[in-house]
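Residues per chain are reported as follows:
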Amino acid sequence: MIEPALANSLLQKLDFAIPIDIVGALYLDNKYYSITVVNNHIENEVESPQFTQVGRFELNQQSYAILKIELTSTEKELDPTHILTERELEIAILVALGKQNKHIAKQLKISEWTVSAHLRRIFTKLGVGSRAAMVYRCSLLINQNINSGS
């Protein structure tokens with residue numbers, strides 16, 4: 001799950017003609033989805049250049065719609081999953097878990113120099129200058145991976 005606040009911030013950047021009440025959000029297969037309350041404004045199928053309705057469900061006598069959020073190229077450039085390689089994401093997760101370079105190297109069976117090289121590339125790609133800033137920049141993605149046990 002991603003934070004509803006992130007989904008809200010993504011959707012607030014979009015120009016909607018109707019108000020949307022987001023109650024949850026998902027990040028699956030490099031795509032963002034929001035769960036929204038179906039109100040009078042969105043009784044019919046919801047379509048826009050910014051999102052596509054991919055499903056509906058009812059829970060406790062309330063209707064909800066699942067919207068796939070279409071990121072712009074600028075938003076994709078800011079998303080770590082579109083910037084970093086799988087190995088770089090793996091290293092970012094290990095850094096977030098408090099591992100030192102030598103422990104990361106041992107766990108991944110690579111040299112400490114290679115870990116450092118990956119970190120330098122990650123810092124450059126994300127425009128950050130420290131491990132803490134990198135972890136913060138990737139925090140939603142890292143939390144998803146940690147919580148899913150990956």
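Above this text is the structure in question.
Note that the coordinates shown come from a computational prediction; the quantities given were computed from them, not determined experimentally.

Calculation rules
Residues numbered from 1 in each chain as written. Predicted model: local features only at pLDDT ≥ 70, side-chain atom pairs only at ≥ 80, totals over all residues. Heavy atoms only, no water. Helix = DSSP H or I, 4+ residues; strand = E, 2+ residues; numbered from the N terminus. Buried < 20%, exposed > 50% of the residue type's maximum accessible area, 1.4 Å probe, protein only. Contact = heavy atoms within 4.5 Å. Phe/Tyr/Trp six-rings, centres within 6.5 Å; stacked < 30°, edge-to-face > 60°. Lys NZ or Arg CZ within 6 Å of the ring centre and 35° of its normal.

Participant: Which residues make up the environment of Ile35, and what are the values?
Facilitator: With respect to the helices and strands, Ile35 occurs in strand β2 (residues 31–37). Classification of Ile35 by relative accessible area gives buried; the value is 17%. A sequence separation of 14 residues divides Ile35 from Asp21, and the C-alpha atoms of the two residues are 8.5 Å apart. When sequence neighbours within four positions are dropped, the list of residues in contact with Ile35 reads Asp21, Ile22, Val23, Gly24, Phe57, Tyr64 and Ala65.

Participant: Mind laying out the packing of aromatic side chains, listing which residues take part and the relevant values?
Facilitator: Tallying each qualifying case throughout the model produces 1 aromatic pair. For the pair Phe57 and Tyr64, a centre-to-centre distance of 5.2 Å together with 20 degrees between the ring planes defines the contact as stacked. The aromatic ring of Trp113 is capped on one face by Arg120, whose charged end is 5.7 Å from the ring centroid.

Take it as geometry only, folks, not as evidence of what the structure does.
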